[in-house]
Amino acid sequence: MDFAGVNGGGSVDASSAEKDFVQCEKIVREWARSALEEEIEGDGHTLQDLLFFLHVPRTGGRTYFHCLVKKVYGAALECPRSYDKLRFDPRKPKCRLVATHDDYSIMSMLPREKTSVMTVLRHPVDRVFSAYEFSVEVASRFLVHPNLTSATELTKRIRAKHKGVSTLDIWPWKYLVPWMREDLFARRDARKMKGLSYVNSNDSYNVEEMAMPLHQFINEPVVLDTVHNGATFQVAGLTNNSYLAEAHDVRHCVQKFTILGEHVLQVAQKRLDNMLFVGLTEKHRESAKMFVNVVGPQVISQIASDSSMEGLSKIKSVTEQNSLLSDSELDSNYHQDGTSDQKTTENVSTENLEGIKKNARLLVPDTVLQQIRSLNSLDLRLFKRSSRACPAIPTASDFGKPLY
């Protein structure tokens, strides 16, 4: 369908916009009706044969997976290569655990009646900041190369030799990192042309000579399509990585006519309600305890393995001592980036790094924060609704300042 812009200058344009809306409304409503009908009524909090960990990017999900979920299940029950877009066989014997950045549409590839779903949410503004920081951080690793061509070619050779999953294979980084990498090389070339060897700025989110400023990043088409309202679209199964043929049209209809987002939000909320477990980045210790108490015993009961009981015991010990990973460590869950010879050499503690980030974010203008909130209105509503439904999810009163 045609998503051309509307000038709003005449009756022809108004008529065209009205027709577009009617067509979009039909597309979105039909998808929502079908999605809600597919939802299985029953006790979603009872563990089924297969657990699907829907990993929303930049929520600390990788840490949750390795430090909690995988320790309970054990490596032997994890579906192989589960992060590599369903290049695993869920029918494999003893395959009971899959974690992936794939959206909810992957359920069409799984035995729906025998699959439980869990996820972790994060406040949308923090998630956008983290997506920006991660995109710049990973892309900047390639700047050790003399030029973009050299970086691209060497990365291709390294990835061809290694079977491991690279960040460049995983949604949404397979779109964001190469795009940001190209931008960083262009800015470096521009600095060389100007003879700039040093750039001083108090605002690390707005140093355009070095990297794309945050206020520009949030308005770029690739970010609009992969980051904003990303949690809602991922739970709804409508990302640009979806298995649904209609996902593109539904997503772009919602982006064009924001009022239609109500239908997507309804589906996402219903699916969250039916999930086995929903954790929260901001309260990871409480979430961990909830996982141990609610999900852990069901896993043990289902698979009755000594290793799982040992894993659960270790997790309980850690959570009871209140010594689970810090917020900054949860925010540093990196994948391999295909450039294993390029490691950061700065020796900065995660606590100091988190403090630096928080202080830097205080300098971001309110106008930029408000725009991020506006661009993530669906995610904000999904997050706030979940905070009322899930005791692990915080409200504004749980923090020393309002939730953005």
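Residues numbered from 1 in each chain as written. Predicted model: local features only at pLDDT ≥ 70, side-chain atom pairs only at ≥ 80, totals over all residues. Heavy atoms only, no water.

*Asks:* Summarise the state of the cysteines; cite the residues concerned and give the values.
*Replies:* For the structure shown, the criterion picks out two disulfides. Here C24 connects covalently by a disulfide to C253, the sulfurs 2.2 Å from one another. Handedness of the C24-C253 disulfide follows from its S-S torsion of about -75°: it is left-handed. In this pair, C24 sits in helix α1 (residues 11–38) while C253 sits in helix α9 (residues 247–256), placing the two residues 229 residues apart along the sequence. The two residues C24 and C253 agree in class, both being buried. The disulfide bridge from C79 ends at C95, spanning 1.8 Å between sulfur atoms. When the S-S torsion is 110°, as for the bridge of C79 with C95, the disulfide is right-handed. (Disulfide = S-S within 2.5 Å. Helix = DSSP H or I, 4+ residues; strand = E, 2+ residues; numbered from the N terminus. Buried < 20%, exposed > 50% of the residue type's maximum accessible area, 1.4 Å probe, protein only.)

*Asks:* Which residues make up the nonpolar core, and what values do they have?
*Replies:* Across soluble globular proteins, you tend to see nonpolar side chains buried next to one another. Residues W31, F52 and L238 are the most contacted members of the largest nonpolar core, which totals 40 residues. Mapped onto this core, the elements with two or more residues apiece are α1, β1 (50–54), β3 (115–121), α8 (230–236), α9, α10 (261–273), β4 (277–280) and α17 (377–389). Within the second largest apolar cluster, 33 residues are counted, among which are Y132, A139, F185 and I218. (Core = buried A, V, L, I, M, F, W, Y, C linked by side-chain atoms within 4.5 Å.)

*Asks:* Got a sec to walk through the pattern of salt bridges? Specific residues and values, please.
*Replies:* Under the criterion given, the structure shown has 16 salt bridges. With a closest N to O distance of 2.5 Å, D183 and R187 form a salt bridge. Taken together, the residues span about one helical turn, with D183 and R187 both in helix α5 (residues 173–194) at a distance of four residues. Under the relative-accessibility criterion, D183 is labelled buried at 16%. Here the salt bridges share partners, and the residues they tie into one network are E30, R33 and E37. (Salt bridge = Lys/Arg side-chain N within 4 Å of Asp/Glu carboxyl O.)

*Asks:* Lay out the pairing of strand β2 (residues 97–100) with the relevant residues and their values.
*Replies:* Here β2 shows two buried faces, one formed by L97 and A99 and the other by V98 and T100. As judged from the four bridges shared by β1 and β2, these two strands associate in the parallel manner. Note that in β2 the partner of F52 across the bridge is V98. (Pairing = 2+ DSSP bridges.)

*Asks:* So what's going on with the packing of aromatic side chains? Residues and values would help.
*Replies:* Scanning the model with the defined rule gives eight aromatic pairs in all. Ring geometry for F21 versus F257: centroids 5.3 Å apart, planes at 85°, classification edge-to-face. Taken as a pair, F21 in helix α1 and F257 in the loop between α9 and α10 lie far apart in primary sequence, 236 residues in all. For F21, a relative accessible area of 24% gives the class partly exposed. Accessibility expressed as a relative area gives 16% for F257, which makes it buried. Joined through ring pairs, the aromatic side chains of F129, Y132, W179, Y205 and F217 make up one cluster. (Phe/Tyr/Trp six-rings, centres within 6.5 Å; stacked < 30°, edge-to-face > 60°.)

*Asks:* Please set out the packing of helix α2 (residues 61–73) against helix α11 (residues 284–294) residue by residue, giving values where relevant.
*Replies:* Packed helices, taken two at a time, are described by their axes: the angle between them and the distance between them. It is at 11 Å that the axes of α2 and α11 come closest, and there the two elements cross at 10°. Taken together, the axes of α2 and α11 lie roughly parallel to each other. Listed contacts from α11 to Y64, L68, V69 and V72 of α2 are H284, S287, A288 and F291. Residues that form the contact of α2 with α11 fall into these classes: six nonpolar, two polar and no charged. (Axes fitted to C-alpha atoms, helices over the stretch in contact; angles between N-to-C directions. Parallel < 35°, antiparallel > 145°, perpendicular 65-115°, else oblique. Contact = heavy atoms within 4.5 Å. Nonpolar A, V, L, I, M, F, W, Y, C, P; charged D, E, K, R; others polar.)

*Asks:* Requested: an account of α2, with residues and values cited.
*Replies:* Most pronounced at C67, the bend in α2 amounts to some 25°. Taken together, the buried positions of α2 are occupied by G61, T63, Y64, F65, L68, V69, V72 and Y73. Backbone geometry just after α2 places G74 at a positive phi near 90°. (Bend = angle between axes of the 7 residues up to and from the residue.)

*Asks:* Got a sec to walk through the sheet that holds β3? Specific residues and values, please.
*Replies:* Strand order in the open sheet made by the four strands is β2-β1-β3-β4, with parallel pairing throughout. At either end of the open sheet lies a strand with only one pairing partner, and these are β2 and β4. The sheet shows a mean angle of 15° between the axes of neighbouring strands, direction not considered. Here α11 sits on the sheet in contact with β3 and β4, set at roughly 160° to β4.

*Asks:* Please set out the environment of E78 residue by residue, giving values where relevant.
*Replies:* Secondary-structure assignment places E78 in the loop between α2 and β2. Judged by its relative accessible area of 17%, E78 falls in the buried class. In sequence terms E78 and V98 are 20 residues apart; their C-alpha atoms lie 6.1 Å from each other. The residues contacting E78, other than those within four sequence positions of it, are F65, K70 and L97.

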